[in-house]
Amino acid sequence: MASDPGTPTLDQLRVFLTVVDVGSFAGAARKLNRATSVISYSISNLEAQLGVTLFDRESTRKPQLTEFGRTVLAEARTVFNGIDGLRAKVKGLLQGLEPEVHLALDVMLPTARIVDALKAFRTEFPTVTLRLHMEALGGVTQLLLDRIATIGVSGPLPGDAGVVGVERIGVGNVVLIPVASPDHPLARAAKNKPGAGRDHVQLVLTDRSPLTGRTDFAVVSPRTWRLADLGSKHMLLKEGIGWGNMPVPMVQEDLDSGRLVHLDLPDTKGGIYSLEAIYRADTPPGPAAAWLIARFESQVANATITAKLNRKPSRKSGKPKKKGGRAKS
């Protein structure tokens, strides 16, 4: 047995893998359009080069992998898959496909939408590396301005004009509602008076970017705890530490189970949190990034169609209208 094995060629590895896949030298010869003797010769050379016996040719009619062969098989597949991946990536680059996409997402974007987009992206662009950043409020746009992110899905920014040099495409919204633990005083009250939320600690999502770092969104209480992480805010709300606005998709399960309560606050009803796909005007998205933006757009269209299909038709009364009478609405 050789102590210093040689380096096999890609063709030798291809022949080896084909023999394993089809189960015989003759089958590999037919698949590769070569003579059986050539296949046998390639395997013999590979064994000699590695210094190990890959197939047991004596105890069975069909070649069976030896213990060494099974070990080599795993490495051979890794090498060949790597070559295929390299070829696919280079082909994508030659066609103008980005080698990687840096995607920044607002923490308010529902998890179901993120999973849908990223699963589909993985299938559509298997050679494109994705770098995912999760940020709050202006943090998404800041990553774009700093050229860390290629594209993003951001929440609203102060003013309707947005940020100079950043293109915006509407991709729906998410509903925010005020919630608290069922043990919280605001949840236990039979009826809250206007301004009741000001008497209790409000948990507020904030970010460190200069775009919105000093801007308050839907803050009514002078007593606030500020958090940059939506998950931490969610956890503290369930523990009864304050009240705050949360996206419905994130807390729906908690509302159904009673871990959180939708607060009835006369002057704090929550609201709509708009979402926009964004990119720098001087750096238009490539094919993969543009596909992601289109995917987020299509989610909104599909949700609208589904809502229309699920809408129950109005029931029409089968009774004839009385003459001179008014139809009931």
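Residues numbered from 1 in each chain as written. Predicted model: local features only at pLDDT ≥ 70, side-chain atom pairs only at ≥ 80, totals over all residues. Heavy atoms only, no water.

## Re unusual backbone geometry
- Positive phi values are uncommon outside glycine, yet L137 reaches one of about 50°.
- Of note, L137 is situated in the loop between β4 (129-135) and α6 (139-145).
- Overall, L137 belongs to the buried group, its relative accessible area being 5%.
- At R147, a position not held by glycine, the phi torsion is positive, near 60°. (Helix = DSSP H or I, 4+ residues; strand = E, 2+ residues; numbered from the N terminus. Buried < 20%, exposed > 50% of the residue type's maximum accessible area, 1.4 Å probe, protein only.)

## Considerations on the pattern of salt bridges
- This structure, assessed with the given rule, holds 12 salt bridges.
- Between D11 and R14 there is a salt bridge, and its shortest N-O distance comes to 3.3 Å. Of this pair, D11 and R14 both sit in helix α1 (residues 10-22), three residues apart, which is roughly one turn of that helix.
- Judged by relative accessible area, R14 falls into the partly exposed class, the value being 33%.
- Where R295 meets D116, a salt bridge forms, and the shortest distance between an N and an O atom there is 2.9 Å. With R295 in helix α10 (residues 287-310) and D116 in helix α5 (residues 111-124), this residue pair connects regions lying 179 residues apart in the sequence.
- Residues joined in a network through salt bridges with shared partners are D11, R14 and R34. (Salt bridge = Lys/Arg side-chain N within 4 Å of Asp/Glu carboxyl O.)

## What about the nonpolar core?
- By size, the foremost hydrophobic cluster in this structure holds 40 residues, and its most contacted members are V101, I151, L292 and F296.
- Excluding anything up to four places from it in sequence, I151 contacts V101, H102, L103, A104, L144, I278, Y279, P285, A289, L292 and I293.
- Within the second largest apolar cluster, 18 residues are counted, among which are L13, F55, L73 and F80. (Core = buried A, V, L, I, M, F, W, Y, C linked by side-chain atoms within 4.5 Å. Contact = heavy atoms within 4.5 Å.)

## A few points about helix α9 (residues 248-257)
- Within α9, the full set of buried residues consists of V248, V251 and D254. An end-on view of α9 places all buried positions within 125° of arc, on one side of the element. Those residues of α9 that are exposed and aimed more than 90 degrees away from the buried face are E253 and D256.
- Against β6 (166-180), α8 (230-238) and β9 (244-247) lie the buried residues of α9.
- Among the residues trailing α9, G258 stands out with phi positive, at a value near 90°. (Arc of directions from axis to C-beta.)

## Re the confidence of the model for the chain
- Here the chain averages 83 in pLDDT, while 83% of its residues score no lower than 70.
- The least confident element of the chain, judged by mean pLDDT, is helix α4 (residues 67-94) at 75; the most confident is α5 at 95.
- Contacts from residues 314-329, a stretch scored under 50 in pLDDT, to residues over four places away or in other chains number one contact. (pLDDT = per-residue confidence, 0-100.)

## What about the packing of aromatic side chains?
- Per the counting criterion, the structure on display carries five aromatic pairs.
- The interplanar angle of 80° and the centroid separation of 5.9 Å between the aromatic rings of F25 and F55 together place this pair among those described as edge-to-face. A residue pair is termed long-range when its members are at least 10 positions apart, and F25 in helix α2 (residues 25-32) and F55 in strand β1 (residues 55-56) qualify at 30 residues. Like F25, the residue F55 is buried in the burial classification.
- Ring geometry for F121 versus F125: centroids 5.3 Å apart, planes at 40°, classification tilted. Both residues of the pair, F121 and F125, count as buried.
- Within the aromatic cluster, the residues linked to one another by ring pairs are F16, F25 and F55. (Phe/Tyr/Trp six-rings, centres within 6.5 Å; stacked < 30°, edge-to-face > 60°.)

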